[in-house]
Amino acid sequence: MGAIEKDLASKDSLSTLVRYENVTKRFGDIEVLKGVDLDIKPGEKVALIGPSGSGKTTIIRMLMTLEKPTSGVISMGGEPLWHKKSSSGKLVPADEKHLRRMRSDIGMVFQHFNLFPHMSILRNVTEAPIHVLGLSKEEARERAVDMLEKVGLGDKLDAYPEQLSGGQKQRVAIARAVVMRPKVMLFDEVTSALDPELVGEVLEVIKDLAKETDMAMILVTHEMDFARDVADRIVFLHDGQIEEQGTPQEVLENPSSERLQAFLSRFLRN
Amino acid sequence: MTWDWNFAIEVFPEIAGAIWLVIGITLGAYIVSLVFGLALTFARRSSFKPLALATYGFIEFVRSTPPLVQLFFVFFALPSIGISFDKYTAGILTLGIHYSTYLSEVYRSGIEAVPKGQWEAAKAMNFSKMQTWFKVILPQALPPVIPMMGNYLLVLFKETPILMAIGVGEFLQEAQLIGAANFKYLEPITIVGLLFLLLSYPSALLINKLEKRSKRGFRSTKKAVKEMNEFEELKG
Ligand SMILES: Nc1ncnc2c1ncn2[C@@H]1O[C@H](COP(=O)(O)OP(=O)(O)OP(=O)(O)O)[C@@H](O)[C@H]1O
Ligand SMILES: [Mg+2]
């Protein structure tokens, strides 16, 4: 690589944290994603909206390495996620070691919380910092307690997940992901499994987090007001393709594509 | 011929004297089956297909041949290709490996009952493969199947008399020797039955109790799954 190219590449990785290049995904015969291009800057908060089945979950699951793209390249900090450069410079499929290294920059909160039911709340949050990041027990505990207090659960350290409400579980799940200090956090409709009266508390926690963190976030959501508040950019996905994107203002108030207009009006009616 | 109390009382200690040997062999074989069974479970799930397939074949083969034949194979046939064990090791290995195929099935059912979301959460927390197994999956997969595991301990225990075929002095072997020496089989063989009953019954009660306890645990997981489905329905 020449000096200028190198310089360009490093600038590129500074301004882009996550990059999807012509990414497609098939499940059997169904093409779920039909060539997605998407760049996310460090610290940027992006809301992903779109009708059910449009591929929102699939997009972020591929970044979490839970689903493998059929074609295209996803990169993280300038480095391909699902591929490795071989010694001859060709891209070859990544091995588990590479995936594990890349994963350390990515965190995810799931629709159904997926807390570890056999561990106390505190252990849910300290287990990975101790055994994956290699923090000492004291450091991990300090970090976990700090975060659990931030999400309003400082008094539940010794409780077990089954003793918590859905909203509380989801706040633990957020704390569990944040203590790993990833560069990008993925949220997959994290309030849609909650009773309506519990949605607010979880959205508040995420809004606060978004304000004070320099982590990038990709938030799949059906809550338009939340998207407007928290996102720097809203991306509208339709039928496996990005149909339109822009600031919350542009997307929610001046939608240009007919599909987005239809989607939003259906939404506002409901 | 009638029941001879004096004879029964006289030979009881001789037969019961095998109790430590029987318990030792049972526990030894059980530990082999627990450990080897887990290894089989992992091997069967391996992403290296030849290994997974070979393991599947091995399990089916071991299950569909009688343990007695396997015992003879290990004790009498293997030495001719240079692998020989004393009768105790041969007995423990044969019973242990035979039951490991059943234990691996028990493990498998426990593992499959762990929700997919747990694997995904473990990945998202960046646990290694080993950490995922030992910190996340097995601690959830094993407690519900402990009663099934206990059942196999009892079944294995009741299988120990086949070891008399290679001259291990367990209950039946002792009784058989005494019977042959005195031309009286009624008392010694009855005592063998009684000993099995005395050891099995309390263990069965214990396992029953465990089962009730783990059912309670299982109900709460079932409830969680049901609740999750209701959420999905509400949403859709
Ligand atoms: N593992 C899978 N196997 C087969 N098809 C799948 C799988 N996962 C997703 N799909 C299909 O891919 C399409 C996109 O799914 P995805 O979950 O990404 O949509 P979504 O935009 O998140 O929808 P929703 O708003 O309902 O969550 C859907 O038609 C879905 O049925
Ligand atoms: Mg989804």
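A short tour of the structure in this document, coming up.

Cut-offs and rules
- Residues numbered from 1 in each chain as written.
- Chains lettered and ligands numbered in written order.
- Predicted model: local features only at pLDDT ≥ 70, side-chain atom pairs only at ≥ 80, totals over all residues.
- Heavy atoms only, no water.
- Helix = DSSP H or I, 4+ residues; strand = E, 2+ residues; numbered from the N terminus.
- Contact = heavy atoms within 4.5 Å.
- Areas by Shrake-Rupley, 256 points an atom, 1.4 Å probe, with all protein chains shown as cover.
- Buried < 20%, exposed > 50% of the residue type's maximum accessible area, 1.4 Å probe, protein only.
- Salt bridge = Lys/Arg side-chain N within 4 Å of Asp/Glu carboxyl O.
- Buried area = accessible area lost by both parts, 1.4 Å probe.
- Polar contact = N/O pair within 3.5 Å; in protein donor to acceptor, adjacent residues only side chain to side chain.
- Nonpolar A, V, L, I, M, F, W, Y, C, P; charged D, E, K, R; others polar.
- Core = buried A, V, L, I, M, F, W, Y, C linked by side-chain atoms within 4.5 Å.
- Pairing = 2+ DSSP bridges.

**Thoughts on the overall build of chain B**
At step 1: When helices and strands are counted, chain B shows 10 helices and zero strands.
At step 2: Scanning chain B from its N terminus toward the C terminus, one meets helices and strands in the order α-α-α-α-α-α-α-α-α-α.
At step 3: Across chain B, contacts joining residues at least 24 apart in sequence account for 76% of those joining residues at least 6 apart.
At step 4: When the accessible surface of chain B is totalled, it reaches about 13200 Å², and 68% of it is carbon and sulfur.

**Focus: unusual backbone geometry**
At step 1: Phi angles above zero are rare outside glycine, and Phe113(A) is one such case at about 65°.
At step 2: Note on placement: Phe113(A) falls in the loop between strand 8 (106-109) and helix 4 (121-131).
At step 3: Judged by relative accessible area, which is 10%, Phe113(A) ranks as buried.
At step 4: The backbone of Asn126(B) sits at a positive phi, close to 65°, despite the residue not being glycine.

**Notes on helix 2 (residues 56-63) of chain A**
Residue and element names in this part refer to chain A.
At step 1: Among the eight residues that make up helix 2, seven are buried, leaving the element largely enclosed by the rest of the structure.
At step 2: Buried within helix 2 we find Lys56, Thr58, Ile59, Ile60, Arg61, Met62 and Leu63.
At step 3: Two residues or fewer past helix 2, Thr65 is found with a positive phi of approximately 65°.

**Observations concerning the pattern of salt bridges**
All names here are of chain A.
At step 1: Enumeration according to the criterion identifies 23 salt bridges over all chains in this entry.
At step 2: Here Lys183 makes a salt bridge to Asp105, at a shortest N to O gap of 3.6 Å. Of this pair, Lys183 sits in the loop between helix 6 (166-178) and strand 9 (184-188) while Asp105 is found in the loop between helix 3 (96-103) and strand 8, placing the two residues 78 residues apart along the sequence.
At step 3: Residue Lys183 is classed as partly exposed on the basis of its relative accessible area of 44%.
At step 4: Among the residues examined, Asp105 registers a relative accessible area of 22% and is labelled partly exposed.
At step 5: For the salt bridge of Asp229 with Lys207, the shortest nitrogen-to-oxygen distance reads 3.2 Å. Taken as a pair, Asp229 in helix 8 (residues 224-230) and Lys207 in helix 7 (residues 196-212) lie far apart in primary sequence, 22 residues in all.

**Some remarks on the interface of chain A and chain B**
At step 1: Contacts between the two partners involve 30 residues from chain A, matched on the other side by 23 residues from chain B.
At step 2: In total, chain A and chain B occlude about 2300 Å² of area from one another, counting both sides; carbon and sulfur atoms represent 59% of this.
At step 3: Ionic pairing is found between Glu120(B) and Arg61(A), a salt bridge with its closest N-O pair at 2.8 Å.
At step 4: Between the two partners, chain A and chain B, sit eight residue pairs in polar contact (both at pLDDT 80 or more).
At step 5: Every element with two or more residues in the side of chain A that touches chain B is listed here: helix 3, strand 8 and helix 4 of chain A.
At step 6: In terms of residue class, the side of chain A that touches chain B is built from 13 nonpolar, eight polar and nine charged.

**Thoughts on the nonpolar core**
At step 1: Within the largest apolar cluster, 70 residues are counted, with the highest numbers of intra-cluster contacts made by Tyr20(A), Leu63(A), Val184(A) and Leu186(A).
At step 2: Ranked by residues supplied to this core, first place goes to helix 5 (residues 87-112) of chain B with seven residues.
At step 3: In this structure, Leu186(A) is in contact with Ile60(A), Leu63(A), Met64(A), Ile106(A), Gly107(A), Met108(A), Val109(A) and Ile218(A), ignoring residues within four places of it in sequence.
At step 4: Within the second largest apolar cluster, 51 residues are counted, among which are Leu122(A), Met217(A), Ile234(A) and Val251(A).

**Focus on the pairing of strand 9 of chain A**
All names here are of chain A.
At step 1: Burial runs high along strand 9: five of the five residues are buried.
At step 2: Side chains of strand 9 alternate between two faces, with Val184, Leu186 and Asp188 and Met185 and Phe187 buried alike.
At step 3: Here four bridges tie strand 8 to strand 9, and the two strands are oriented parallel to one another. What sits directly across from Ile106, in strand 9, is Val184.
At step 4: Alignment of strand 9 against strand 10 (residues 216-220), held across five bridges, turns out to be parallel. Opposite Val184, over in strand 10, you have Ala216 as the bridge partner.

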